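Working through the structure, step by step
In case you want the letters, here they are:
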Amino acid sequence: PPLTQGKAIMGFAITEPDAGSDTLSASTTAVLSGDEYVINGNKVMIGNGSIADFLLIYCLTDPEEASKSLRHSVLVVETDREGYEANKIEGKMGLRASDTANIFLSDVKVPKENLVGKRGQGFFQLMQFFDRSRAYVAAHGVGLAQGALDLAIKHVKTREQFGQKIAAFQATQFKIAEMSTKIELVRTLTHKACWMVDHGKTHTKTVAMAKWSAARTAVEVVDEALQLHGGYGYINDHDIERFYRAAKVLEIYEGTKEIEK
Ligand SMILES: Cc1cc2nc3c(=O)[nH]c(=O)nc-3n(C[C@H](O)[C@H](O)[C@H](O)COP(=O)(O)OP(=O)(O)OC[C@H]3O[C@@H](n4cnc5c(N)ncnc54)[C@H](O)[C@@H]3O)c2cc1C
C-alpha cells in the first residue's frame, strides 16, 4: 500500500477543543445516512493534518449508547473530500519539521466502508493504538536524551574555564554520570516495553511507565545538558537549544504525563 511505500501520509485525529485528555468526550459526529457517514466537527493539534492524504478520525457515532466507552468509532477520511479544511498551526515551541494543524469537518461524506473495524469500538481501538504509539514516544525520549548527553559531553571536553576543560571538574563529571544512569534506566524499560509489543505481549502498564519515565528523563537531561553549555546553550547556534524545545511535547502528546499514571 502507498503508506508503507512512503507514497502517502496519514495521521490520527482524536483531540478536540473540549476533549483532550478526556477522549470519551469527543463530540465530532459521524451520522450514517444511507451508504455514507456524514461527519461534522472540529479537531485540534493534529499531526500531518494539512499534508496528509487521509486521516483516521475518532468520531461520535452512537451518542445514545448507555456506556460512554461504546459511543465512538474510527473512520478513514480522505483529505480531498468536500468539507475538509485544515489550518496549519504556526509558532510551535518545537517539532517544527512536523506538520500540526487544526481541522474542520463540515458535512464530510465518506462511504460506510471507511469505518475501521466495528462500530462503537473506537475507544478500545484508541487504547490499543496508545499501547503502541506510547512505546514510540518512549523511544523518542531515550534518543533525545542520549543526543543531548552526547552534545553536552562534546561541549565540556572542549570548553575551558579556570584554566582547564570544564569536563575536568568533578561537579561536571557527576552530572554526566547522573544523566548517563537516568538514560540507561529508561532505555532498559523502553526496550522491555517494545519487546513486549513486538512479541504480542503488549502490556499497557509497562508501556505507560516507559513513556512517562523516558519523557521525564528527556526533559531533565536536556535541561542539564543545556546548563553545561552555559549561555551558548540558550542561543540557537547550538543544537542543544532545539533539543530543549523538542523535549517538552513528549510529556504532553499521546497522553500527558499525568494521564500515563
Ligand atoms: C505538537 C503536538 C502534536 C499533537 N498531535 C496530535 C495528533 O496527531 N492527534 C491528536 O489527536 N492530538 C494531537 N495532539 C494533542 C495532544 O494529544 C493533547 O494536547 C493532549 O492529549 C492533552 O490534551 P489537552 O491539550 O486538551 O490538555 P488537557 O486535557 O486540557 O490537560 C491539561 C492539563 O490537565 C491535566 N489533566 C487533565 N485531566 C486530568 C486528570 N483526570 N487528572 C490529572 N490531570 C489531568 C493534564 O495532564 C494536563 O496537565 C498534539 C499536541 C501537540 C502539542
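Residues numbered from 1 in each chain as written. Predicted model: local features only at pLDDT ≥ 70, side-chain atom pairs only at ≥ 80, totals over all residues. Heavy atoms only, no water.

**Remarks on the overall build of the protein**
Helix and strand counts for the protein stand at five helices and 10 strands. Once the C-alpha set of the protein is aligned to its principal axes, its extents read approximately 80 × 35 × 35 Å. When contacts within the protein are restricted to residue pairs at least 6 apart in sequence, long-range pairs at least 24 apart make up 70% of them. One finds the centroid of the 31 positive side-chain charges in the protein at a distance of 7 Å from the centroid of its 33 negative side-chain charges. (Helix = DSSP H or I, 4+ residues; strand = E, 2+ residues; numbered from the N terminus. Contact = heavy atoms within 4.5 Å. Lys, Arg positive; Asp, Glu negative; His and termini not counted. Charge placed at Lys NZ, Arg CZ, Asp CG, Glu CD.)

**A look at the packing of aromatic side chains**
One pass over the full model with this rule turns up four aromatic pairs. Ring centres 5.7 Å apart and planes at 50 degrees place the aromatic pair F129 and F130 in the tilted group. Look at F129 and you get partly exposed, because its relative accessible area is 31%. F130 sits in the buried class, given a relative accessible area of 8%. Their ring planes at 75 degrees and their centres at 6.3 Å tell us that F162 and F169 sit as a pair that is edge-to-face. Members of the aromatic cluster, joined through ring pairs, are F12, F129 and F130. (Phe/Tyr/Trp six-rings, centres within 6.5 Å; stacked < 30°, edge-to-face > 60°. Buried < 20%, exposed > 50% of the residue type's maximum accessible area, 1.4 Å probe, protein only.)

**Regarding the side chain of T190**
With respect to the helices, strands and loops of the structure, T190 is situated in helix α2 (residues 170-198). Given the relative accessible area of 5%, T190 is considered buried.

**Some words on the UniProt feature "domain: Acyl-CoA dehydrogenase/oxidase C-terminal" (unreviewed entry) in the protein**
Annotation from UniProt places "domain: Acyl-CoA dehydrogenase/oxidase C-terminal" (unreviewed entry) at residues 120-260. Each end of residues 120-260 is marked by a C-alpha atom, and these two atoms are 24 Å apart; helix forms 74% of the span and strand 3%. (UniProt positions renumbered as here; feature names shortened; annotations may be inferred.)

**Digging into helix α1 (residues 122-158)**
Spanning 37 residues, α1 covers 53 Å between terminal C-alpha atoms, matching the ideal 54 Å at 1.5 Å per step. At D131, α1 shows its maximal bend, which comes to roughly 25 degrees. (Expected span 1.5 Å × (residues − 1). Bend = angle between axes of the 7 residues up to and from the residue.)

**A few points about helix α4 (residues 239-247)**
Among the residues of α4, those classed as buried are I240, E241, F243, R245, A246 and A247. Its buried side turned inward, α4 meets α1 and α3 (204-228).

**Description of unusual backbone geometry**
We note that L95 has phi near 50 degrees; this positive angle belongs to a residue other than glycine. Mapped onto the elements of the fold, L95 is located in the loop between β6 (84-88) and β7 (100-111). Phi is positive for E254, close to 60 degrees, though the residue is something other than glycine. Here E254 is to be found in the loop between α4 and α5 (257-260). Looking at E254, the relative accessible area reads 23%, which means it is partly exposed.

**Section: the site of the ligand**
Among the 15 residues in the neighbourhood of the ligand, the closest are listed as T15, S21, M45, T256 and E258. A distance of 2.8 Å separates a nitrogen atom of the ligand from a polar atom in the backbone of F12. One of the side-chain nitrogen or oxygen atoms of E258 is found 2.6 Å away from an oxygen atom of the ligand. Computed on the free molecule, the ligand has an accessible area of 970 Å², of which 59% lies beneath the protein chains in the complex. When residues of the shell around the ligand are traced back to their parent elements, those giving at least two are β1 (10-13) and β3 (36-47). (Near = heavy atom within 4 Å. Polar contact = N/O pair within 3.5 Å; in protein donor to acceptor, adjacent residues only side chain to side chain. Areas by Shrake-Rupley, 256 points an atom, 1.4 Å probe, with all protein chains shown as cover.)

**Some thoughts on the UniProt feature "domain: Acyl-CoA oxidase/dehydrogenase middle" (unreviewed entry) in the protein**
Here the UniProt feature "domain: Acyl-CoA oxidase/dehydrogenase middle" (unreviewed entry) sits at residues 11-108. The distance from the first to the last C-alpha atom of residues 11-108 is 17 Å, and the span holds 0% helix and 49% strand.

**What to know about the pattern of salt bridges**
Scanning the entire structure with this criterion turns up 17 salt bridges. With a shortest N-O distance of 2.8 Å, R187 and E184 are connected by a salt bridge. With R187 and E184 both in helix α2, this residue pair falls three residues apart, about one helical turn. The exposure class of R187 is partly exposed, given its relative accessible area of 22%. For E184, a relative accessible area of 42% translates into the label partly exposed. For R245, the salt bridge is made with E241, and the minimal N-O distance between the two is 2.9 Å. Of this pair, R245 and E241 both sit in helix α4, separated by four residues, roughly a single helical turn. Here R245 matches E241 in class, with each residue buried. (Salt bridge = Lys/Arg side-chain N within 4 Å of Asp/Glu carboxyl O.)

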